[in-house]
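Commentary on secondary and tertiary structure
Read off the chains here:
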Amino acid sequence: TATPEERRALDAALAEVGGKAAFAALIKGLVACDAEAAKAAALAVRNQIKNADGNKRRSYLAEVERFLEAQKKKKDASAAGAVAAAVKILGYLEDEKTIPTLLAYANDDKAHPSIRQEAIIAFRFALAKDKPTAKVIDTLVRAAEADDRTLAQTALHTLGSLQVGDDTAKRLEKLALHPDFARASFVLEMLARMGGTEAMRVLTKTLVSTNDRRYAEAAANGLTGKEEAVAPLARALLETTN
């Protein structure tokens, strides 16, 4: 029966109290919040989660997953804000066990964009200490190609924050020539930072296969001064007619 202002104060108090019971009450209360209040509630528990030990984190994870499972069964579109907030909390748990759940939400084309966006952001926390799997990379690349520019930008920034290697560069090849130059430019800069033979190959291919000077210059800037760029550039000089 609380007003939105009272709800935020109660959520903050529950987060401050901490513990399993308080956390459970806060999670269950998400459905009674509007989207902004639910997001504020998720932010309120961040410090509690950060200071929690392994046992508490496991109990928090179980509580959030129970909540998400219950919302799936209800299929209530108006609860998108609550689900997005719960997914945000999953990220704060910084646990690789959350990856399958995050993948499911990030790949769900029918899910509200805010839910998919929170799942993609959550990868940054869940994979802060680990390299992403091929499934995670493919999910982020797919989202980066989406018509929703906000979702695409979120996916690109998440990709840029993760520990990626040569195997990721090949998956970025298509994005390097994306019709939206802002996306392509971000990818070309990321490839330049990554370095390595595969990243240099993709930059070289972009350079010689585009007629748009913006793409060519961005690719050239990424290749400049890189020793790994010598071989692909030499081959390109022999093969290209441009």
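We now turn to the structure provided with this report. Predicted model only: the values in this text are computed from it and were never measured.

**Details of the nonpolar core**
Counting residues in hydrophobic clusters, the biggest one holds 70 residues, and the most contacted among them are Leu30, Leu68 and Phe123. Among the elements that line this core, the one with the most residues is helix α6 (residues 80–92), at ten residues. Those residues in contact with Leu30 that lie beyond four places of it in its chain are Ala38, Ala41, Phe67, Ala82, Ala85 and Ala86.

**Details of the pattern of salt bridges**
Opposite charge on two side chains permits them to pair, given that their charged atoms come into close proximity. By the definition in use, this model includes twelve salt bridges. With a closest N to O distance of 2.7 Å, Arg142 and Asp109 form a salt bridge. On the criterion of sequence distance, the pair formed by Arg142 in helix α9 (residues 134–144) and Asp109 in the loop between α7 (99–106) and α8 (113–126) is long-range, its members being 33 residues apart. Note on Arg142: relative accessible area 37%, which makes it partly exposed. Judged by its relative accessible area of 52%, Asp109 is exposed.

**Remarks on helix α12 (residues 181–194)**
Compared with the 20 Å implied by 1.5 Å per residue over 14 residues, the 20 Å span of α12 between its first and last C-alpha is a close match. Every buried residue of α12 is listed here: Arg183, Ala184, Ser185, Val187, Leu188, Met190, Leu191 and Ala192. Close packing links the buried residues of α12 with α9, α10 (149–161), α11 (166–171), α13 (197–209) and α14 (213–223).

**What about the environment of Glu36?**
Turning to its location among the elements, Glu36 is positioned in helix α3 (residues 35–44). Given the relative accessible area of 57%, Glu36 is considered exposed. Expressed as a C-alpha distance, the spacing of Glu36 and Val141, which sit 105 residues apart in the sequence, is 28 Å.

**Some details on a negative patch on the surface**
Negative charge collects at one region of the surface, where Asp166, Asp167, Glu227 and Glu228 lie side by side. Relative to the elements of secondary structure, Glu227 occurs in the loop between α14 and α15 (230–239). The exposed category is assigned to Glu227, whose relative accessible area is 70%.

Thresholds applied
- Residues numbered from 1 in each chain as written.
- Predicted model: local features only at pLDDT ≥ 70, side-chain atom pairs only at ≥ 80, totals over all residues.
- Heavy atoms only, no water.
- Core = buried A, V, L, I, M, F, W, Y, C linked by side-chain atoms within 4.5 Å.
- Buried < 20%, exposed > 50% of the residue type's maximum accessible area, 1.4 Å probe, protein only.
- Helix = DSSP H or I, 4+ residues; strand = E, 2+ residues; numbered from the N terminus.
- Contact = heavy atoms within 4.5 Å.
- Salt bridge = Lys/Arg side-chain N within 4 Å of Asp/Glu carboxyl O.
- Expected span 1.5 Å × (residues − 1).
- Patch = residues over 30% accessible without salt bridge, like charges linked within 9 Å, V, L, I, M, F, W, Y side chains within 5 Å.
- Areas by Shrake-Rupley, 256 points an atom, 1.4 Å probe, with all protein chains shown as cover.
- Lys, Arg positive; Asp, Glu negative; His and termini not counted.
- Charge placed at Lys NZ, Arg CZ, Asp CG, Glu CD.

That's the geometry; what it means functionally is another story.
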